[in-house]
Structure formats: structure tokens, C-alpha cells
Amino acid sequence: MTGLSTEPIKNAVENFLRSLNDEQKESCVFPVDDKEWRRWSNIDIGLYKRTGIGLADLSEEQKDLSFQILHESLSPKGFEKTQDIMKMEDYLARLSGEFENLGHDKYWFTFFGKPSDTEPWGWQLDGHHLVINYFVLGGQIVMTPTFMGSEPNYIEDGENAGTRTFEKEELLGLTLYHSLDDEQKQQATLFDRKEVAYNQTESFRDNAVLPYAGIKASAFSESQLMLLKGLISEYVGNMREGYSKIKMDEVLAHIDETYFSWVGAMDGSGPFYYRIQSPVIIIEFDHQKPVFLEGDKPSKKHVHTVVRTPNGNDYGKDLLRQHLEQHAH
């Protein structure tokens, strides 16, 4: 047991669900083991259509209650990141003129199972550049897969001017790579050119089998290990405080089995990709080609990040399996 309480998260979800009418509830509540968990995507095009209850369809009071779910489920830093991403979506809509598909309210909530102190349940937020899967069982939480991104990553003018996204994720990754000596860089670098999108674990890539690649953390100096731990913490620290420490303790227990890999120029110039991979976490950071803005090459102005739990516990599936086996009667 974690010794921590998920009661504030449960209360926030119950308060929101109570605010919905029957039709709204029917649109966004699914069984805890439903395949809908895995039907998330960064983009809403083609055969994929988002389900759940959209922020745009909520009253102001209901929107406030929905954001309280994020506020209770995430750390202050994690909550701020979600708000900055949504602000960036408004800015991207203004830059591109794509107001139908982009904006701060183009996000959908779905819920799985019934909020409980003892039974498994969870929620999902699904939208462009922001997807959070949040599984709860008693005092345990699994917050993966989590996808966060933005295009661009800085608001130059107008409302929310000065907002910047993924500055720390970029800087900390670059700082770690710069700390490597030439031999270590040779080990870490998969490709010395960044020409395409490289993320391996985005939507519809559940259970992707990724061979370990790059340099093993057991080859790092103490100062390099500190940089690696700080970089991982930047992602894990998006979780509700207390739970992020539990996850970091799990990560640190496997730190010598952790790999760091890099795609991009070996002098650290230009766009890049990095991956951190161990038996208990996968983190990817990728500079991508512009989609809504001009350009045809990867740019530091378009960022995608993914965090997953390998070995079967994305969406809390391994916890759910154990629970169902223990309560088969």
C-alpha cells in the first residue's frame, strides 16, 4: 500500500459526474476494462473520432468542476503544463485559422468504472497535444500513457503572450547529452541527423516492443546520474505530489538498468529526439515537423512527449488483472 489517499481525486470526479445529465453521463462513462481506454489520439481525423464529454459542451460551472479533476490529480507543475498546452492551442488556432479543430476547449473527458475507495476506476482526457490516462485502485495510481506536446512552443503576442512550453524538458535533455564525453555520445547516439518524427510510443502503439538502445546509466558519472534523475523527475513530477515520489523511488530502484538514447546532431545543435527507457518507465521527447505552421523539416517549435509504463501496466492493466484475479468470486 502507498499510505496515500486518492479521496480528493475521487471526490472531484464524483462532483463533476453529479453535474452531468443522464445523456451526458451516458456519453462519457464506460466499464473499467473497456477498450475505450486505448482509443486515444493526438489528432482527431479520419476514422478516429473522439468520444466522451467535450469541454465545449459544458457549462462554465461544469468546466470548473472538470478542471478540479486535473487540479487534484496532478501536481501544481503538472496542472500548469496542461493549462499552458491549452493556451498554446488557442494561439495555434489563431496562427493557422483552424478554429474548428483547435482551441483550449477541444478536449474530451471519459470515465471508466465507478469512483471508489476499493474498486478499480479511472479517467481519461483526450485532445490535441494533451492526453492523460489516469487509473486508480485504492491508494495506487498509474498515470500512463501520458502524451503532451505543442506547436509552437512560445506565444509571441496577444493573450497569454510569454507562455512557453517544454522549456525544461528540452534544456535538461540537452544538458545531459552535452555532459557526455565523445565515447559516451557515440554510444548514446542512434542517428546523428534528425529528419523525421521519431517517437515510437504515441497513439495506437500500445505494447510496442522497443529494444534497449543507447548508453546505459551504469556507465554514467555521479554528476551525469544526477542530470538523468533530474530529467526523469521533470516528467514523473507531473503526477499528484506524493505519488510522484513513489514513482521516482521505483525508477531509482532500476536506475542502473536505465538507457538514454539520442537522435540529432552530436554537437547538440538543431532539433533532436531522446528516449529514456528502463523496466519501469519509457520517456520520449521529439522535435517534429510543423503540421499547422510553415516548414517541412523537424523544428524546435513543435514538440511531442510521451510517458509510458512498460511491461503491461499502462492504463493500470497489470493492477487491474491482479485485482480481478484476487476477487474472481
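Residues numbered from 1 in each chain as written. Predicted model: local features only at pLDDT ≥ 70, side-chain atom pairs only at ≥ 80, totals over all residues. Heavy atoms only, no water.

Quick notes on the overall build of the protein chain
In terms of regular secondary structure, the protein chain is built from nine helices and 13 strands. For 329 residues, the compact-globule formula gives about 20 Å, and the C-alpha radius of gyration of the protein chain, at 20 Å, lands near that figure. Structurally, the protein chain occupies a C-alpha span of about 60 × 50 × 35 Å along its principal axes. Relative to its full complement of 329 residues, the protein chain shows a buried share of 55%. Looking at the protein chain alone, contacts between residues at least 24 apart form 68% of all its contacts between residues at least 6 apart. In the structure as shown, the protein chain presents an accessible area of about 15,100 Å², 50% of it carried by carbon and sulfur atoms. (Helix = DSSP H or I, 4+ residues; strand = E, 2+ residues; numbered from the N terminus. Rg over C-alpha atoms; globule rule 2.2 N^0.38 Å. Buried < 20%, exposed > 50% of the residue type's maximum accessible area, 1.4 Å probe, protein only. Contact = heavy atoms within 4.5 Å. Areas by Shrake-Rupley, 256 points an atom, 1.4 Å probe, with all protein chains shown as cover.)

Description of helix H3 (residues 60–73)
When the terminal C-alpha atoms of H3 are compared, their 20 Å separation across 14 residues agrees well with the 20 Å that a helix rising 1.5 Å per residue should span. Taken together, the buried positions of H3 are Gln-62, Lys-63, Ser-66, Ile-69, Leu-70, Glu-72 and Ser-73. For H3, the secondary structure elements touched by its buried residues are helix H1 (7–18), helix H2 (22–28), helix H4 (76–96), strand S3 (107–112), strand S4 (121–127) and strand S5 (130–137). (Expected span 1.5 Å × (residues − 1).)

Quick word on the pairing of strand S12 (residues 282–287)
Of all six residues in S12, six are buried; the element is thus mostly enclosed. Of the two faces of S12, the one lined by Ile-282, Glu-284 and Asp-286 and the one lined by Ile-283, Phe-285 and His-287 are each fully buried. With five bridges joining them, strand S11 (residues 273–277) and S12 adopt antiparallel strand pairing. Bridge pairing in S12 places Gln-277 opposite Ile-282. Adjacent in sequence and paired antiparallel, S11 and S12 are bridged by four residues. Both S12 and strand S13 (residues 303–308) contribute to a ladder of six bridges, which runs antiparallel. Looking at S13, one finds that Phe-285 is bridged to Thr-305. (Pairing = 2+ DSSP bridges.)

Let's talk about the environment of Ser-19
Inspection of the secondary structure assignment puts Ser-19 in the loop between H1 and H2. On the accessibility criterion, Ser-19 (24% relative accessible area) is partly exposed. Contacts of Ser-19, omitting those with residues within four sequence positions, involve Gln-24, Gln-62 and Leu-65. A polar side-chain atom of Ser-19 sits 2.6 Å from the main-chain carbonyl oxygen of Phe-16. (Polar contact = N/O pair within 3.5 Å; in protein donor to acceptor, adjacent residues only side chain to side chain.)

Examining the packing of H3 against H4
It is at 8 Å that the axes of H3 and H4 come closest, and there the two elements cross at 135°. Comparing their axes, H4 and H3 come out oblique. Contact with H3, carried on its side by Phe-67, Leu-70 and His-71, involves Phe-79, Thr-82, Gln-83 and Met-86 of H4 and no other residues of that element. Partitioned by chemical class, the residues of the contact of H3 with H4 number four nonpolar, three polar and no charged. (Axes fitted to C-alpha atoms, helices over the stretch in contact; angles between N-to-C directions. Parallel < 35°, antiparallel > 145°, perpendicular 65-115°, else oblique. Nonpolar A, V, L, I, M, F, W, Y, C, P; charged D, E, K, R; others polar.)

Quick word on the pattern of salt bridges
Pairing between side chains becomes possible if they bear opposite charge and their charged atoms approach one another. The full count for this structure, using the stated rule, is 23 salt bridges. The shortest N-O distance in the salt bridge between Arg-39 and Glu-36 comes to 3.4 Å. Judged by its relative accessible area of 41%, Arg-39 is partly exposed. Look at Glu-36 and you get buried, because its relative accessible area is 6%. A salt bridge links Asp-206 to Arg-308, with the shortest nitrogen-to-oxygen separation between them at 2.7 Å. (Salt bridge = Lys/Arg side-chain N within 4 Å of Asp/Glu carboxyl O.)

Overview of the nonpolar core
Phe-109, Phe-111, Trp-123, Phe-220, Ile-232, Phe-260 and Tyr-274 are the most contacted members of the largest nonpolar core, which totals 60 residues. With six residues, helix H7 (residues 222–236) is the single largest residue contributor to this core. One finds Val-131, Phe-147, Val-306 and Leu-319 within the second-largest nonpolar core, a separate group that totals 14 residues. (Core = buried A, V, L, I, M, F, W, Y, C linked by side-chain atoms within 4.5 Å.)

As for the packing of aromatic side chains
One pass over the full model with this rule turns up 17 aromatic pairs. Plain terms: the ring middles of Trp-262 and Phe-272 are 4.6 Å apart, the flat faces sit at 20° to each other, and that makes the pair stacked. Here Phe-272 lies in the loop between strand S10 (259–263) and S11 and Trp-262 lies in strand S10, a separation of 10 residues in the sequence. Counting every residue linked through ring pairs, the aromatic cluster contains Tyr-177, Phe-260, Trp-262, Phe-272, Tyr-274 and Phe-285. (Phe/Tyr/Trp six-rings, centres within 6.5 Å; stacked < 30°, edge-to-face > 60°.)

Considering the pairing of S4
The buried fraction of S4 is high, at seven of seven residues. Alternating residues of S4 divide into Trp-121, Trp-123, Leu-125 and Gly-127 and Gly-122, Gln-124 and Asp-126, and every residue in both groups is buried. Alignment of S3 against S4, held across six bridges, turns out to be antiparallel. Each residue of the ladder has a partner; that of Trp-108, found in S4, is Asp-126. The sheet contact formed by S4 and S5 spans seven bridges and is antiparallel. Bridged to Gly-122 within S5 is Phe-135. Connecting S4 to the antiparallel partner S5 that follows it, the hairpin turn spans two residues, and His-129 within it adopts a positive phi of roughly 65°.

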